[in-house]
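# Remarks on the overall topology
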Amino acid sequence: MIHDPIEPFLEAIRPGLPILGLDLGTKTLGVAISDRLWSVATPLETIKRKKFTLDANALLEICTAREVGGLIFGLPLNMDASEGPRVQSTRAFARNLERLSDLPMAFWDERLSTVAAERALLEADTSRKRRAEVIDHVAASYILQGALDRMRFISEARP
């Protein structure tokens with residue numbers, strides 16, 4: 001089930017299972033994973049996109065192998081918070097994936113996540129070639145970390 005905003009997602013996921021963060025691009029799908037306490041996001045891998053069925057199968061294989069409890073999709077909103085074609089594509093991917101999986105899913109504003117990932121990789125003196133290889137799953141970890149931080153804030157604010 002897709003939850004938007006993230007608060008109902010927090011109610012739907014099982015504690016103790018990691019969460020995947022996804023940076024859905026036209027050519028690649030960046031994947032990051034949380035720890036089981038939902039405190040730290042770690043870049044995992046980049047899937048080269050082919051067609052939906054193959055992309056979904058690759059993603060669901062990761063979910064099974066890693067015992068994932070939910071998915072966070074980066075939502076590529078425009079800087080003015082309007083929704084463009086990439087947002088529609090991300091929402092369509094999530095809806096199609098929802099037909100194949102019972103995992104809870106949510107969206108997280110991904111504005112500037114790739115910029116932050118690029119800056120971190122530059123500060124780490126990563127070569128241009130290596131940056132191109134890892135940028136998508138590093139961006140996915142920024143997306144996931146933002147969602148995890150929000151989830152922790154929501155949990156701490158509850159009585």
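As shown above, the structure is provided for reference.
The text that follows walks through the structure, step by step, so that each part is easy to find. Quantities reported herein were computed from a predicted structural model and do not represent experimental measurements. (Residues numbered from 1 in each chain as written. Predicted model: local features only at pLDDT ≥ 70, side-chain atom pairs only at ≥ 80, totals over all residues. Heavy atoms only, no water.)

### Examining helix α2 (residues 52-65)
When the terminal C-alpha atoms of α2 are compared, their 20 Å separation across 14 residues agrees well with the 20 Å that a helix rising 1.5 Å per residue should span. Among the residues making up α2, those that are buried are Asp55, Ala56, Leu59, Leu60, Ile62 and Cys63. Seen from one end, α2 has its buried residues packed into an arc of 150 degrees, which puts them on one side. Away from its buried face by more than 90 degrees, α2 exposes Glu61, Thr64 and Ala65. Where α2 is buried, its residues meet β2 (19-24), β3 (28-34), β4 (41-48), β5 (70-75) and α3 (85-98). Residue Glu67 follows α2 closely and has a positive phi angle near 55 degrees. (Helix = DSSP H or I, 4+ residues; strand = E, 2+ residues; numbered from the N terminus. Expected span 1.5 Å × (residues − 1). Buried < 20%, exposed > 50% of the residue type's maximum accessible area, 1.4 Å probe, protein only. Arc of directions from axis to C-beta. Contact = heavy atoms within 4.5 Å.)

### Considering the packing of aromatic side chains
If you walk through the whole model with that rule in mind, you get 3 aromatic pairs. Plain terms: the ring middles of Phe73 and Phe93 are 6.1 Å apart, the flat faces sit at 65 degrees to each other, and that makes the pair edge-to-face. Here Phe73 is found in strand β5, whereas its partner Phe93 is found in helix α3, with 20 residues between them in sequence. Like Phe93, Phe73 is buried. On the numbers, 6.0 Å between centres and 45 degrees between planes, the contact of Phe73 with Phe107 is tilted. Placement of the pair is Phe73 in strand β5 and Phe107 in strand β6 (residues 105-109), with a sequence separation of 34 residues. The residues Phe73 and Phe107 share a single accessibility class, namely buried. Among the aromatic residues, those joined into a ring-pair cluster are Phe52, Phe73, Phe93 and Phe107. Cation over ring: Arg91 sits above Phe107, and NZ or CZ is 4.9 Å from the ring centre. (Phe/Tyr/Trp six-rings, centres within 6.5 Å; stacked < 30°, edge-to-face > 60°. Lys NZ or Arg CZ within 6 Å of the ring centre and 35° of its normal.)

### Focus on the nonpolar core
Core analysis: the biggest nonpolar cluster contains 24 residues, and Leu20, Leu29, Leu59, Leu71, Phe73 and Leu97 have the highest contact counts within it. Listing elements by their share of this core, those giving two or more residues are β2, β3, α2, β5, α3 and β6. The element best represented in this core is α2, accounting for 5 residues. Ignoring sequence-local partners within four residues, the contact set of Leu59 consists of Leu20, Leu22, Leu29, Val31, Ile47, Phe93 and Leu97. With 17 residues, the next largest nonpolar core counts Ile13, Ala140, Leu144 and Ile154 among its residues. (Core = buried A, V, L, I, M, F, W, Y, C linked by side-chain atoms within 4.5 Å.)

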